[in-house]
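Residue-level listing of the chains:
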Amino acid sequence: MEKNLTARYLAAKRALFDKVYGDLNDMQRQAVFTTEGPLLVLAGAGSGKTTVLVRRIAFIIRYGNAYFTDFTPHNLTEEHVADLEHAIHLSVPEIEQILPEFIHDPCPPYRMLAITFTNKAAGEIKSRLVTQFADETLAGDIWSGTFHSVCMRILRTYGDRVGFGKGFTIYDTDDTKKAVVAIMKKLNIDEKQFPPKAVITTISHAKDKLMTAEDFAVEAGVDFRLSRIAAIYKGYEELLRASNAMDFDDIILHTVRLLRENPDVLSYYQRKFKYVCIDEYQDTNVAQFVLSSLLSGGSHNLMVVGDDDQSIYKFRGATIENILGFDKAFKNATLIKLEQNYRSTKTILDAANGVIGHNLGRKGKSLWTAGEVGEKIILRKCEDQMGESRSIVDTIRRMAETQGRKYKDFAVLYRTNSQSAGIERALQRSTVPYRVLGGTRFSDRKEIRDAVAYLQLICNHADRERLLRIINEPRRKIGDKTLAAVAAIAEEQNTTLFEVMDRADEFVALGRSAATLKAFTAMIHRLTSLMDTLPLPDFFDEVMEQSGYRQMLIDGGEPEKERLENIDELKSNMMEYVGTTTEMGDIPSLVDFLEEYALVADVDKYDTEADAVVLMTIHSAKGLEFPVVFLPGMEDGIFPGMQNIMGGADDMEEERRLAYVAITRAREQVVILHTRSRIWYGQTVANPLSRFVGEIPEECLVREDLTMEGLAKAAVVTTGVKPATQPTSYYERPRRPKTPVHTDRLTVGQPTPAATAEARQSMNALNPGDRVIHATFGEGEILSIKPMGADKLIEVMFDIAGTKKLMGTYAKLKKL
DNA sequence: CACGCTCTGCCTGCG
DNA sequence: GCAGAGCGTG
């Protein structure tokens, strides 16, 4: 009897939770309610991944392990259980009033850690958490951020334990490159034989795997190539140490080292974090995997969300094995798959499933939808990249007109940034508004880097790379010779460049340059003393004035105008930064700003509001969705790229995942484009259709041929081979079609140079119902007119020749 | 030391 | 096809 009551109580409780979370599907709900132990949520594209993540965090904070716990109050009565059973008929808000009685071991917000990859994702999680809680501060207490920001928060407290001073600097990829090149020069290593880019990638991947310079040297052994890189790695590490700086990889690496080497610190964080959640787990590398296990090592409540099929960042160190081997790495892990897709049509999902199904190394998911079949995927062949670009613009214009779509409904996603140029040109000629994402980032512009380098040097005089960057910018007549002398003295005295310059008059070797060098350090000292007395933007103005940087740009005149504007833009970023942070109470220091600046990428991110077609790489489109997606350049040699065709099977699988990501960005319509021939890196190539397109089920596709050949054939089909010599009796007798003929599979085209403005004009004047005359077919009546590319498909019922479909520009119809 | 010419090499890119 | 790097000259 007692046992029965308990069972009824638990069932009633779970039914109530199920009803309140009824807006989620079964799998999503299970993920939300599973709070204890390692949990892997395999979330397919568009399956509500972020929703689950956010709702689960909110659930744990509010109710703890309320759903799955078998805990029952000891004073359970028949009456109470009956009440609970009846409560199922109440409304959701009413039930929510009851739920607090089931709270079991809830988690205080500050013991919750949520890690994402991008600032954008972190921002989205934060804002969605705020809407989950009425109390904003509750959401604010949650530790949520990127891997790097979370690690920085830890390193800011304990950085000294791994040998970094308080104000350590973060080196970005450009600083790293300069440093590595400098080391290579010093070690006399030929840049031709060892391209710095490859060296940097190798070092970065070593760091991703938690390999130190010593580890790397051991692994390299006697291998000539690797041991040279090991030497560079070692020199680079020493340089970073001397500059009191870390690169991005180091931020993770040193945090792991800190936790591994300091049991007290590890134990503090393990006790602190009761729940750890990692987003985009398929993108994690070895270091991040180790970090996740360390931080969650106290409670073992590690939840990871990801999609092995969307792992597209192997090239920057991600190991798909983290997600594939999660259950092996964490015993008793729960696996939940989210396969219901709320984004795309059935056709799009069938296509995506068809493609990804060709991969072997995957957990195996199959997306499905309760939604509609939708439009077929258009597979369009164009003559060249010009035709490809134009047809995209034409289709956008047509769909905007006929389907009432907004421009922001369209995205053009390509494999490489270089593909954007042609499409941009076509868009520029039209009136279609567009934006291009990617390319040079704001923070990568030279003037921005220079300006920030001044600030960084002011904060950290030891910063060698930043000093070298701006020492002669503007020109101060401090050339390579002088700097080499300074560097030599610094080496000998085992001190920093700045220190030597500061005491330049003490070194005979510096001779006449001493005064110039001292003038420079004096300026930096002067600015350093101003640092804490002025508000940040005013201080920045002062730096730009005293350094002469602003004057240099002004003197540069018209060509430097944009740079000057960018400097002002940076200042307004600062004003914004000061404005937002002071609201939260702290007065932001220069150090705070620089850290934020190093960690937070550009502000000029994708703005969903502006009504414009958006162009970007498939990589940057991950996580986004659009009603209509164009995929130009679907050709073997472009996508998959040549280097992936030559590479191993793993590379091809990654490339295929990228194709999967591309297709699943679309909600309603995909247009795949390829060309007969195109100019690719200055060479004319005729690529075969992408192998990935061949993996899409044929019934998902509808083909269009806009090549010259295709158009010629279409013209033959619609207007007859040699119309003038064909007897009219050859054609069937007049007959109205019983049902409108579908034009789907008809090959249609855009106007060729032959299409004169005159032809277009006369075509535009035509309407269904008009009587027309054709050179060959004689008189007839227009049944319908459909836009096709830039042209029109006109269906005419001729009195003698029967019903024909004609391309407007070829048909030369005359209105009667 | 600054400018201009030629040569090369080229995918994707968060923090 | 184009941009950035490197080299040579005024």
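Here, the structure is the one placed above.
Residues numbered from 1 in each chain as written. Chains lettered and ligands numbered in written order. Predicted model: local features only at pLDDT ≥ 70, side-chain atom pairs only at ≥ 80, totals over all residues. Heavy atoms only, no water.

S.K.: Is there a simple way to explain the overall build of chain A in this structure?
M.R.: Regarding its fold elements, chain A presents 36 helices and 22 strands. Per-residue burial over chain A gives 52% buried out of 816 residues. Of all intrachain contacts in chain A linking residues separated by at least 6 positions in sequence, the fraction that spans at least 24 positions is 77%. Carbon and sulfur atoms form 53% of the exposed surface of chain A, whose accessible area is close to 37,600 Å². (Helix = DSSP H or I, 4+ residues; strand = E, 2+ residues; numbered from the N terminus. Buried < 20%, exposed > 50% of the residue type's maximum accessible area, 1.4 Å probe, protein only. Contact = heavy atoms within 4.5 Å. Areas by Shrake-Rupley, 256 points an atom, 1.4 Å probe, with all protein chains shown as cover.)

S.K.: For this particular structure, what's the right way to read the protein's contact with DNA strand B?
M.R.: Residues in close proximity to DNA strand B total 25 residues, the closest being Asn119, Arg415, Asn417, Arg475 and Thr617. Close to the protein, within 4 Å, the atoms of DNA strand B are drawn from sugar and phosphate at a rate of 49%. Interatomic distance of 2.6 Å between a side-chain N/O atom of threonine 617 and a phosphate oxygen of DNA strand B. When contributions to the surface near DNA strand B are tallied by element, the ones reaching two or more residues are helix 13 (248-261), helix 30 (618-621) and helix 31 (642-646). Classifying every residue of the surface near DNA strand B by side-chain character gives 6 nonpolar, 13 polar and 6 charged. (Near = heavy atom within 4 Å. Polar contact = N/O pair within 3.5 Å; in protein donor to acceptor, adjacent residues only side chain to side chain. Nonpolar A, V, L, I, M, F, W, Y, C, P; charged D, E, K, R; others polar.)

S.K.: Would you mind going over the packing of helix 8 (residues 147-158) against helix 15 (residues 286-295) with me for this structure?
M.R.: If you want to describe how two helices pack, look at the angle between their axes and the distance between the axes. Close contact between helix 8 and helix 15 brings their axes to 12 Å; oriented N to C, the two are set at 55°. By the angle class used here, helix 8 and helix 15 are oblique. Read as a crossing pair, helix 8 and helix 15 show a hand that is left-handed. When helix 8 is examined against helix 15, the residues Phe147, Cys151 and Ile154 are found in contact with a partner set consisting of Gln288, Leu291, Ser292 and Leu295. Grouping the amino acids of the contact of helix 8 with helix 15 by side-chain chemistry returns 5 nonpolar, 2 polar and no charged. (Axes fitted to C-alpha atoms, helices over the stretch in contact; angles between N-to-C directions. Parallel < 35°, antiparallel > 145°, perpendicular 65-115°, else oblique. Left-handed = near helix turned anticlockwise from the far one by under 90°.)

S.K.: Teacher, can you tell me more about the sheet that holds strand 10 (residues 410-414) here?
M.R.: Whether parallel or antiparallel, the strands of a sheet pair through hydrogen bonds between backbone atoms. Strand order in the open sheet made by the 7 strands is 11-12-10-13-14-9-17, with parallel pairing throughout. Among the strands making up the open sheet, the edge pair consists of strand 11 (434-436) and strand 17 (701-706). Neighbour-to-neighbour, the strand axes of this sheet turn through a mean angle of 20°, independent of strand direction. As judged from the 3 bridges shared by strand 11 and strand 12 (residues 613-617), these two strands associate in the parallel manner. Directly across from tyrosine 434, in strand 12, lies its bridge partner valine 613. Across the sheet, helix 19 (residues 385-402) is in contact with strand 9 (377-382), strand 10, strand 12, strand 13 (626-631), strand 14 (666-675) and strand 17; its angle to strand 14 comes to roughly 155°. (Pairing = 2+ DSSP bridges.)

S.K.: In this structure, what is going on with the side chain of glutamate 447? I would like to understand it.
M.R.: Turning to its location among the elements, glutamate 447 is positioned in helix 21 (residues 446-459). Within the structure, the side chain of glutamate 447 is placed 2.7 Å from the side chain of arginine 563, a separation counted as a polar contact. Aside from chain neighbours lying at most four places away, what touches glutamate 447 is Tyr549, Arg563, Asn566 and Ile567.

S.K.: Sorry, what's going on with the packing of helix 11 (residues 213-220) against helix 12 (residues 224-242) here?
M.R.: Viewed as axis vectors pointing N to C, helix 11 and helix 12 meet at an angle of 170°, and their least axial separation amounts to 9 Å. The orientation of helix 11 relative to helix 12 falls into the category roughly antiparallel. On helix 12, the residues that touch Ala213, Phe216, Ala217 and Ala220 of helix 11 are Leu226, Ser227, Ile229, Ala230, Tyr233, Lys234 and Glu237. Each residue belonging to the contact of helix 11 with helix 12 can be placed in one class, and the counts come to 8 nonpolar, 1 polar and 2 charged.

S.K.: Looking at this structure, how should I read the sheet that holds strand 6 (residues 275-278)?
M.R.: Reading across the sheet, the 6 strands line up as 3-2-6-7-1-8 and stay open at both edges, with parallel pairing between neighbours. Only two strands of the sheet have a single neighbouring strand rather than two, namely strand 3 (143-146) and strand 8 (334-338). Neighbour-to-neighbour, the strand axes of the sheet open up by a mean angle of 15°, direction not taken into account. Note that strand 1 (residues 39-43) and strand 7 (residues 302-306) share 4 bridges and pair parallel. By the bridge assignment for strand 7, leucine 42 is matched with glycine 306. Relative to the sheet, helix 2 (residues 26-33) contacts strand 1 and strand 8, its axis offset from that of strand 8 by approximately 145°.

S.K.: I'm lost on the protein's contact with DNA strand C in this one. Help?
M.R.: Within the structure, DNA strand C sits among Glu191, Ile679, Tyr681 and Gly682. Backbone atoms, meaning sugar plus phosphate, form 20% of the atoms of DNA strand C positioned within 4 Å of the protein. A distance of 3.2 Å separates a base oxygen of DNA strand C from a polar backbone atom of tyrosine 681. Tallied by class, residues from the surface near DNA strand C come to 2 nonpolar, 1 polar and 1 charged.

S.K.: So what exactly am I meant to see when it comes to the pairing of strand 7 here?
M.R.: Looking along a regular strand, one sees side chains alternate from face to face of the sheet. The buried fraction of strand 7 is high, at 5 of 5 residues. The alternating pattern of strand 7 places Leu302, Val304 and Gly306 on one face and Met303 and Val305 on the opposite face, and all of these are buried. As paired strands, strand 6 and strand 7 are joined by 3 bridges and run parallel to one another. What sits directly across from isoleucine 278, in strand 7, is valine 304.

S.K.: Mind showing me how you'd approach the packing of aromatic side chains here?
M.R.: When we look at a pair of aromatic rings, we describe it by the centre distance and by the angle of the planes. Evaluated as defined, the whole model comprises 31 aromatic pairs. Between the aromatic rings of phenylalanine 164 and phenylalanine 168, the centroid separation amounts to 5.8 Å while the plane-to-plane angle is 65°, which identifies the pairing as edge-to-face. Using a relative accessible area of 4% as the deciding quantity, one classes phenylalanine 164 as buried. Ring geometry for phenylalanine 216 and tyrosine 233: centres 6.1 Å apart, planes at 75°, overall edge-to-face. Residue phenylalanine 216 is located in helix 11, and its partner tyrosine 233 is located in helix 12; the two are separated by 17 residues in the primary sequence. As far as burial versus exposure is concerned, phenylalanine 216 and tyrosine 233 are alike and both buried. One aromatic cluster is present, formed by Tyr9, Phe17, Tyr21, Phe33, Phe59, Tyr63, Tyr67, Phe68 and Phe102 through successive ring pairs. The cationic tip of arginine 153 hangs over the ring face of tryptophan 143; the distance from NZ or CZ to the ring centre is 3.8 Å. Sitting above the plane of the tyrosine 313 ring, arginine 316 keeps its charged end 3.5 Å from the centroid. (Phe/Tyr/Trp six-rings, centres within 6.5 Å; stacked < 30°, edge-to-face > 60°. Lys NZ or Arg CZ within 6 Å of the ring centre and 35° of its normal.)

Nothing here speaks to function; it is geometry throughout.
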